[in-house]
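# Chains, contacts and geometry: an overview
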Amino acid sequence: QVQLVESGGGLVQAGGSLRLSCAASGRTFSSYAMGWFRQAPGKEREFVAGVRENGIWTDYADFVKGRFTISRDNAKNTVYLQLNSLKPEDTAVYYCARGRSIIPRTTPDQYDSWGQGTQVTVSS
């Protein structure tokens, strides 16, 4: 079982930026897709972005396209999420997760390991 630890969350004003990181343990990091999800109070966990095991192919939710960028460094066992042009509605706990295959899917049941989450709060 892989362990995932997110960092980089915080409080930022609307229009600002943050960079989230997710460090993974184990030797199999480069064999699986990675994804970022978020969950706001009272809402279901939703897909934000995913990256294929080789880092070349990415997928994004429509509401973040052009604002967020997912990337990974397999040598460092780390996946990143760059958040730009943040909006108050982006406020949520952000989770990274390891996919069950090399292709990043958009539903939580397609991921088998989760981090503890990092809070992102965007003030207006």
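Structural data are supplied above this passage.
The following paragraphs examine the structure supplied in this document. Please read all numbers here as calculations on a predicted model, not as lab measurements. (Residues numbered from 1 in each chain as written. Predicted model: local features only at pLDDT ≥ 70, side-chain atom pairs only at ≥ 80, totals over all residues. Heavy atoms only, no water.)

## Quick word on the pattern of salt bridges
The full count for this structure, using the stated rule, is six salt bridges. The salt bridge involving Asp 90 is made with Arg 67; its shortest N-O contact spans 2.7 Å. In this pair, Asp 90 sits in the loop between strand 8 (78-83) and strand 9 (92-99) while Arg 67 sits in the loop between strand 6 (58-60) and strand 7 (68-73), placing the two residues 23 residues apart along the sequence. Of the two residues, Asp 90 and Arg 67, both sit in the buried class. Put simply, Asp 112 and Arg 98 hold a salt bridge, and the shortest N to O gap is 3.1 Å. (Salt bridge = Lys/Arg side-chain N within 4 Å of Asp/Glu carboxyl O. Helix = DSSP H or I, 4+ residues; strand = E, 2+ residues; numbered from the N terminus. Buried < 20%, exposed > 50% of the residue type's maximum accessible area, 1.4 Å probe, protein only.)

## With respect to the side chain of Ser 21
Within the secondary structure layout, Ser 21 lies in strand 3 (residues 18-24). Those residues within four positions of Ser 21 in sequence are excluded, and the remaining contacts are Val 5, Glu 6, Ser 7, Trp 36, Thr 78, Val 79 and Tyr 80. (Contact = heavy atoms within 4.5 Å.)

The values reported here are purely geometric and, on their own, carry no functional implication.
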